[in-house]
Amino acid sequence: MATKDTTRRSFLFSFGLDRLGLVALARPHLAAAVIAALTALALLGVWHLRVDDSLSELFRTDTKEFQQYEEIDRRFPSSEYDVLVVVEGQALLAREKLEVFRDMVVELQLTDGVGGLVSMLSARGMPDATGYAAPIVPDDLPEDNTAYADMIDTLVHNDIVKGKFLSDDGALALIVIALDRKLVEERTARTVIGGIKEVVDHGLAGSGLTAKLTGAPVMQLEIRNAVERDRLVYNGLGFLVGFGVAYLFFRRLSLTIIAVLGPTIAILWTLGVLGGLDFRLNLFINVITPLILVSGFSDSMHLVFAIRRDILAGVDRIEAARNAVREVAPACLLTAMNQAISIASFAFAESALIRTFGLAALIAVAISYTAVAVVVPTLAALFVRREEPSAVDPHEREEGGVGVLQRLSDAVIGFVGRWPIPFVALGIVAVLVTGHAFVSLKPMYRLADQVPDKEQALAATSSIDQKLTGANPIHVMIEWKAGKPAADGGPPIALYDERTLGVVADAHAILEQQAGLGNVWSLESLRRWLAGAGDSSIETVQSYVKILPEHLVHRFITDDETAVLVTARLPDVDASEILPVVEKIDHALDKMRERHPDYEISVTGLPAIAARNSATLIHEMTWGLVGDIFLVFIFLGLALRSLMVGVSSILPSLFPIFATGALLFYSGQGLQFASIVAITVAFSLAIDSTIHFLNRFRLEEEKLADEAKEARLVDDGRAAFRLKGAAAEEDEKKDPAQEALARTAHHIGPAVILTTIVLALGLGVTMLSDLPSLRLFGELASVCLFASLVGQLVILPATVALYRRFLPLQPKTAAGAPDVPTRFEKID
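We now turn to the structure provided with this report. From a predicted model like this one, the values you see are computed outputs, not experimental measurements.

Looking now at the sheet that holds strand β7 (residues 472-479). As summarised here, the arrangement of the 4 strands in space is β8-β9-β7-β10, forming an open sheet in which the pairing is antiparallel. Every other strand in the sheet has two partners, leaving β8 (518-521) and β10 (600-604) as the edge strands with one partner each. Ignoring which end each strand starts from, the neighbouring axes of this sheet average 15° apart. With 5 bridges joining them, β7 and β10 adopt antiparallel strand pairing.

Together, Leu 30, Val 34, Leu 38, Leu 41 and Leu 44 line one region of the surface with nonpolar side chains, adding up to about 480 Å² of accessible area. Looking at the secondary structure, you find Leu 44 in helix α2 (residues 28-47).

Let us look at the environment of Trp 480. The residue Trp 480 is located in the loop between β7 and α16 (498-514) in this model. You can call Trp 480 buried: its relative accessible area is 6%. Note: C-alpha distance between Trp 480 and Tyr 599 (119 residues apart in sequence) is 5.1 Å. Dropping the residues within four chain positions of it, Trp 480 is found in contact with Ile 493, Ala 494, Leu 495, Thr 500, Glu 561, Thr 562, Ala 563, Val 564, Asp 598 and Tyr 599.

Looking now at the side chain of Thr 744. Structurally, the position occupied by Thr 744 is in helix α26 (residues 736-764). Contacts of Thr 744, omitting those with residues within four sequence positions, involve Phe 693, Arg 696, Phe 697, Glu 700 and Gly 749.

We now examine the layout of surface pockets. For the second largest pocket, the calculated volume is near 940 Å³. Mapped onto the lining of the second largest pocket, the elements with two or more residues apiece are α4 (95-109), β3 (114-118), α17 (523-532), α18 (538-547) and α19 (550-553). Considered class by class, the residues forming the lining of the second largest pocket number 22 nonpolar, 10 polar and 3 charged.

Within the fold, Val 794 resides in helix α27 (residues 772-806). Separated by 371 residues in sequence, Val 794 and Phe 423 place their C-alpha atoms 7.2 Å apart.

Here the focus is a negative patch on the surface. Together, Glu 96, Glu 99, Asp 139, Asp 140 and Glu 143 make up a negatively charged patch on the protein surface. Mapped onto the elements, Glu 99 comes out in helix α4. Classification of Glu 99 by relative accessible area gives partly exposed; the value is 31%.

Here the focus is the nonpolar core. Counting residues in each nonpolar core, the largest one holds 221 residues, and the members touching the most others are Val 87, Leu 98, Met 120, Ile 175 and Ile 177. At 18 residues, the largest contribution of residues to this core is made by helix α12 (residues 352-383). In this structure Ile 175 touches Val 83, Leu 84, Val 85, Val 87, Phe 101, Met 104, Val 105, Leu 108, Leu 117, Val 118 and Ser 119, once residues within four positions along its chain are discounted. The next biggest cluster of nonpolar side chains, apart from the first, holds 47 residues, and it includes Val 504, Val 553, Ile 578 and Ala 611.

For the rest of this paragraph, the subject is the sheet that holds strand β2 (residues 82-88). The strand order across the open sheet built from 4 strands is β3-β4-β2-β5, with neighbouring strands paired in antiparallel fashion. Both edges of this open sheet fall to β3 and β5 (210-214), since each of them pairs with a single strand only. On average, each strand axis in the sheet is inclined to that of its neighbour by 25°, with strand direction left out of account. In terms of strand pairing, β3 meets strand β4 (residues 172-179) through 4 bridges, oriented antiparallel. Residue pairing in the sheet places Val 114 in a bridge with Leu 179 of β4. Lying on the sheet, α4 is in contact with β2, β3 and β4; it crosses β4 at an angle near 10°.

In a regular helix each residue adds 1.5 Å, so 24 residues correspond to 34 Å; helix α9 (residues 253-276) covers 33 Å between its end C-alpha atoms and thus fits that length. The sharpest bend along α9 measures roughly 25° and falls at Leu 261, with the proline Pro 263 sitting one to four residues further on. Most of α9 sits inside the fold, with 17 of its 24 residues counted as buried. With its phi angle positive at about 65°, Asp 278 sits one or two positions after the end of α9.

Backbone geometry at Ala 91 places phi at a positive 55°, although glycine is not the residue there. Within the secondary structure, Ala 91 is located in the loop between β2 and α4. We note that Glu 561 has phi near 55°; this positive angle belongs to a residue other than glycine. Residue Glu 561 is classed as partly exposed on the basis of its relative accessible area of 37%.

In this section: the pairing of β2. Where burial is concerned, most of β2 is hidden: 7 out of the 7 residues are buried. Here β2 shows two buried faces, one formed by Asp 82, Leu 84, Val 86 and Glu 88 and the other by Val 83, Val 85 and Val 87. Here β2 pairs with β4 via 7 bridges, running antiparallel. Across the sheet, residue Val 85 finds its bridge partner in β4, namely Ile 175. Across 5 bridges, the pairing between β2 and β5 is antiparallel. Of the residues in β5, the one forming a bridge with Val 85 is Leu 213.

Each value, and the rule that gives it
- Residues numbered from 1 in each chain as written.
- Predicted model: local features only at pLDDT ≥ 70, side-chain atom pairs only at ≥ 80, totals over all residues.
- Heavy atoms only, no water.
- Pairing = 2+ DSSP bridges.
- Helix = DSSP H or I, 4+ residues; strand = E, 2+ residues; numbered from the N terminus.
- Axes fitted to C-alpha atoms, helices over the stretch in contact; angles between N-to-C directions.
- Patch = residues over 30% accessible without salt bridge, like charges linked within 9 Å, V, L, I, M, F, W, Y side chains within 5 Å.
- Areas by Shrake-Rupley, 256 points an atom, 1.4 Å probe, with all protein chains shown as cover.
- Salt bridge = Lys/Arg side-chain N within 4 Å of Asp/Glu carboxyl O.
- Buried < 20%, exposed > 50% of the residue type's maximum accessible area, 1.4 Å probe, protein only.
- Contact = heavy atoms within 4.5 Å.
- 1 Å grid on protein atoms, 1.4 Å probe; cavity = no way out; pocket = protein on both sides within 12 Å on 5 of 7 lines; lining within 4 Å.
- Points joined across faces, edges and corners; volume = space filled by probe spheres on them.
- Nonpolar A, V, L, I, M, F, W, Y, C, P; charged D, E, K, R; others polar.
- Lys, Arg positive; Asp, Glu negative; His and termini not counted.
- Charge placed at Lys NZ, Arg CZ, Asp CG, Glu CD.
- Core = buried A, V, L, I, M, F, W, Y, C linked by side-chain atoms within 4.5 Å.
- Expected span 1.5 Å × (residues − 1).
- Bend = angle between axes of the 7 residues up to and from the residue.

Okay, structure coming up:
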């Protein structure tokens, strides 16, 4: 039996990290104990993982715009923390149903966590001579049908109610609830919102009316629930699918368990470290698990295939594990380094959420390699049983599922290698065409992309968008410094003077008239209502503000009376549609800023922040990824000291990325945050398989060169060596590159195909998620994986064969080394 060369040189920049597995194999039982201890510690870290359900964290930057948005949340605590109850039903204003609605509203006011609420029942008539304004809908509804009809007519035509709290067709009513934040923190949002939902459902039961909850707190709760559910259910389901498919092909429980345990432990260690460092789970961090699954499972499969090949040839299990580490671990380490380069730009992104994801992903890549490189060889050394040498000849074809994959990869790569020019030409055309589509993609972002679309929040938001003016608030914040003299030398600016109320009125009019937004609320709303009664004086406005509920006042006036809000609502549409509206408002406000230099006037709110920043952030992520990809090619060539490696890896690595972008382009979906993450994960697999392929190809070229050298030099008259020489003479007639490709396909083709199948199924289960962004991630990742398979089996071998046709491998002879064979193969 041949003895494998154990002196193979590591690649440049490896720093000996590719030998971690050999350290573990020196004391496998001790290594297993350390692995078990670290896994137990990691479970403690996983227990401390928390969910970040913020809707704005994606756009958190150091810009003035985001600071203004945070200022609103701090100074106007009710403005971004509403629970909206959407009540729907035919004949909602009929007496019986209105009574049910009224009773339910009363119960809501007494519910724990409700700081106050506003609904159509809050509307009041004009003040009388004493200043008292009676409610339009009294506690006791009129018994007389005519009086009741008059009351309803007054209600539906009230400026505060129509189009704001009641739809034009009278089939939808809106209740806006201000939560008590302190109580929510004490009892959790799940408890408080669950209590509100219970009161609503119980109050409307049997009435023919239905209700759904939405608003930022509800969306945050649904995001948190979905993230936690997906982490447990879909990741677990993905592993079960992967385990099942792997077993069908390996037909050996020990190998299957080892192949799956490697990435499983890598995920546990990574999540444990992230939990210990207080990283919060969110839509992006949740993708770390599939990222590790992709890289970890791929590396694990290549290691297990290498171990399996030696075991079936009768090699001792520890020696088989050592051989796998020597041959495969350098490629695994190089893959991890390239993955780190490809996601490094995320760690320096402007967005806090993307920056956190980048840091977490870099940690995950490092831990994933370490875990797989140590766990797989250790488990193989302890649990894989030895086979008799005669069981399987490693040079013969496999049987069963692995045999099918081996014959498929041999046939495809063999055919492509014989005709490289047309396949390389097709690869170039495919990359150019799909690349053009990729660079033509337009950024897209909607709030709905972050929220589960099979829950109540988005359904309720959709109803508000259709029948009212939308649920997403956009604000104009007007600020001034208390006690500061006016620029024109006038008295200090105050809330209740004509200048300030005039600025508020102008901003209110801009949102209503120039921007065309509905449901505009501000101090001007109160003043217009009072004007209808014939008294809109400043004194009257001030007196009415004092008697309004505190939660209502805090929606548009700060405690210190140095800032006010003018708030409008708009539908949940793509950020590209919101941006022109925001810019139009900002442009109209420029004239106000010139006329009123004492006031700082800004447009803010989550829709405004998203509209301004989403396109910039998506472009930043996209071109950061593309730049990192080309750095990967350069690094790959330098690390392996091979121009062929750097050149050959370009087309097969770019094709799956551009193909996925082309799918998005021609399906009209545009480029979203989830798309970038999916493409990044897919590139990780593409470059992973590329590196393993090129690593094996270089090994086979070296072996062929050694065999040819030995065959030429051995001539001692023994029959065995003459046979060896005769075989070598026959082999010399073959193209060395073709032979190296054939051996490469024979060795790692099944691993590449099986890895793609398992990962596509494992990641594909995310398409069952309630989160649209995660479903999109699963769809794109699966498409990318199969495009990557085409790159590895068709484009990559063709590129390598074409390169070697014009630039064949040059034999290397060490200076001063004797030109004699260093090892011999016994011929039976």
